[in-house]
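Architecture and fold: a report
Each chain, written out:
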2 protein chains.
Amino acid sequence: MHNSIARENRSDTLEGMTTPATDWLRLDQQICFSLNAASRAFNGVYRVVLKDLGLTYPQYLVMLVLWEHGELPVKKLGEHLRLDSGTLSPLLKRLEAAGLVRRERSASDERSVRVRPTGEGLALRERATEVPRRIAAATGLDLAEVQDLRTRLDRLTAALDGYGTDAAGAPS
Amino acid sequence: MHNSIARENRSDTLEGMTTPATDWLRLDQQICFSLNAASRAFNGVYRVVLKDLGLTYPQYLVMLVLWEHGELPVKKLGEHLRLDSGTLSPLLKRLEAAGLVRRERSASDERSVRVRPTGEGLALRERATEVPRRIAAATGLDLAEVQDLRTRLDRLTAALDGYGTDAAGAPS
DNA sequence: CGCTATTGAGTTGTGCACAACTTAATTGCG
DNA sequence: CGCAATTAAGTTGTGCACAACTCAATAGCG
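Since this is a predicted model, take the numbers as computed values, not measurements. (Residues numbered from 1 in each chain as written. Chains lettered and ligands numbered in written order. Predicted model: local features only at pLDDT ≥ 70, side-chain atom pairs only at ≥ 80, totals over all residues. Heavy atoms only, no water.)

1. Here we look at the protein's contact with DNA strand D
Residues in close proximity to DNA strand D total 26 residues, the closest being Thr87 and Arg94 of chain A together with Lys75, Ser85 and Ser89 of chain B. Backbone sugar and phosphate groups make up 79% of those atoms of DNA strand D lying within 4 Å of the protein. At 3.3 Å, a side-chain N or O of Arg111 of chain B approaches a base oxygen of DNA strand D. Contact between DNA strand D and Ser112 of chain B: a phosphate oxygen at 3.3 Å from a side-chain N or O atom of the residue. Only α2 (57-69) and α4 (85-97) of chain A together with α1 (21-50), α3 (74-81), α4 (85-97) and β2 (101-105) of chain B provide two or more residues apiece to the surface near DNA strand D. Tallied by class, the residues present in the surface near DNA strand D amount to 6 nonpolar, 9 polar and 11 charged. (Near = heavy atom within 4 Å. Polar contact = N/O pair within 3.5 Å; in protein donor to acceptor, adjacent residues only side chain to side chain. Helix = DSSP H or I, 4+ residues; strand = E, 2+ residues; numbered from the N terminus. Nonpolar A, V, L, I, M, F, W, Y, C, P; charged D, E, K, R; others polar.)

Here it is as structure tokens:
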């Protein structure tokens, strides 16, 4: 994992440098802008597509997991989605209010709450089959490109997740 | 945790379909998951890195634009960042409370509010030069990979932004 | 067994994104 | 000129993400 980056020491001595500190700030801007913009653009498309299902994007993600795995405790759901109870609890309450899931305390472990799609929640799956096709159309990418992009993003996520424990962020 | 999932069509058997509707839902999950996860992971790293600057990630983006362009009306700021006044107004108010920017009505057009970094805001730029290096280190990517990824994401964003006007979402 | 540490949900508070709306200033057309 | 349409900020309300916390149940150790 080498960053060819690390070698150019920034700035203060000047003329010959290819990238003074201020340029770094601009380059950095490009990267974070792009990821952020793509994420929000995606969100916007999902918002439109999911509108007639009555779901938000995060709610859709929860339903995807439930459709695939069936009943799950909140904890497991959070592991699949990388979300904690602080986010999931209110979200699941809204899904329950919408009649799409039921929540009930586990008998074997009273701490655990099991989330289960209702009949209505399962029925929604049929209507949701249209969603991926519409999203795919909106991206304008073919399957290979999508998979390639996914691979790169997953690698990036894995690298970023490992941050905070190693010395990468230490000043010196 | 890699999902090589897409290949096995576990199925409902079927005629010659390689991807029944339920598999589409799973594949779709992979794509949106990846982008969403990467975006949030990135955000998490920025949160750590920006902590001692006292900035959130969106606030940092605003400061980047102001460092590059100097004084700007809220409108222009929003165009650079793809954000509207509903997001920017409270954010700028917090930046002003932190002493990093000043907001003042334009004399020539009373509707417009110009945002200008204060001395303190400009001074912060020096400390911020550390940020891109730390982020780059966290990604574990070299410059070429980053730029390639950026290109792909920008193309994706452009495609997604064009959604809603064309027939892409129509059932058929 | 009893007690402490851990675990799973939920709550609270902050900040962001976005839709829908309000308000005030400016534009521009008849 | 006069007035309707447009424009720039700001406000309100909803929902998500996350940190920090509470609370109850369970696990596990002496």
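Right, picking up where we left off after that structure.
2. Considerations on the packing of aromatic side chains
Residue and element names in this part refer to chain A. Tallying each qualifying case throughout the model produces 6 aromatic pairs over all chains. Ring centres of Phe42 and Tyr46 lie 5.7 Å apart, and the angle between their planes is 20°; this geometry places the pair in the stacked category. Of the two residues, Phe42 and Tyr46 both sit in helix α1 (residues 21-50), 4 residues apart, roughly one turn of that helix. Tyr46 carries the same exposure label as Phe42, and that label is buried. On the numbers, 4.5 Å between centres and 40° between planes, the contact of Tyr46 with Tyr57 is tilted. Linking Tyr46 in helix α1 with Tyr57 in helix α2, this pair joins segments that are 11 residues apart in sequence. (Phe/Tyr/Trp six-rings, centres within 6.5 Å; stacked < 30°, edge-to-face > 60°. Buried < 20%, exposed > 50% of the residue type's maximum accessible area, 1.4 Å probe, protein only.)

3. Overview of the relation of the copies chain B and chain A
When chain B is fitted onto chain A, the two copies agree to an RMSD of 0.0 Å after a turn of 180° and an axial shift of 0.0 Å. Interpreted geometrically, this transformation is the action of a two-fold axis. Residues of chain B ranked by C-alpha distance from the rotation axis are headed by Ser39 of chain B, positioned 3.3 Å from it. Both copies contact each other with a shared surface, as 93% of the interface residues of chain B are interface residues in chain A too. (Least-squares fit on C-alpha atoms with pLDDT ≥ 70 in both. Contact = heavy atoms within 4.5 Å.)

4. Comments concerning α2 of chain A
All names here are of chain A. Here α2 spans 19 Å end to end across 13 residues, near enough to the 18 Å set by a 1.5 Å rise per residue. For α2, every residue scored as buried is listed here: Tyr57, Gln59, Tyr60, Leu61, Val62, Met63, Leu64, Val65, Leu66 and Trp67. Immediately downstream of α2, the backbone of Gly70 shows phi near 75°, a positive value. (Expected span 1.5 Å × (residues − 1).)

5. Topic: α4 of chain A
Residue and element names in this part refer to chain A. In this model α4 runs 17 Å from its N-terminal to its C-terminal C-alpha over 13 residues, within 8% of the 18 Å that 1.5 Å per residue would give. Those residues of α4 lying buried are Leu88, Leu91, Leu92 and Leu95. All buried residues of α4 project into a common sector of 105° when viewed along the axis, lining one side. What points out from α4, more than 90 degrees from its buried face, is the exposed set Gly86, Lys93 and Ala97. Elements in contact with the buried residues of α4: α2, α3 (74-81), β2 (101-105) and β3 (113-117). N-capping of α4 is provided by Asp84, with a side-chain oxygen placed 3.1 Å from the backbone N of Gly86. (Arc of directions from axis to C-beta.)

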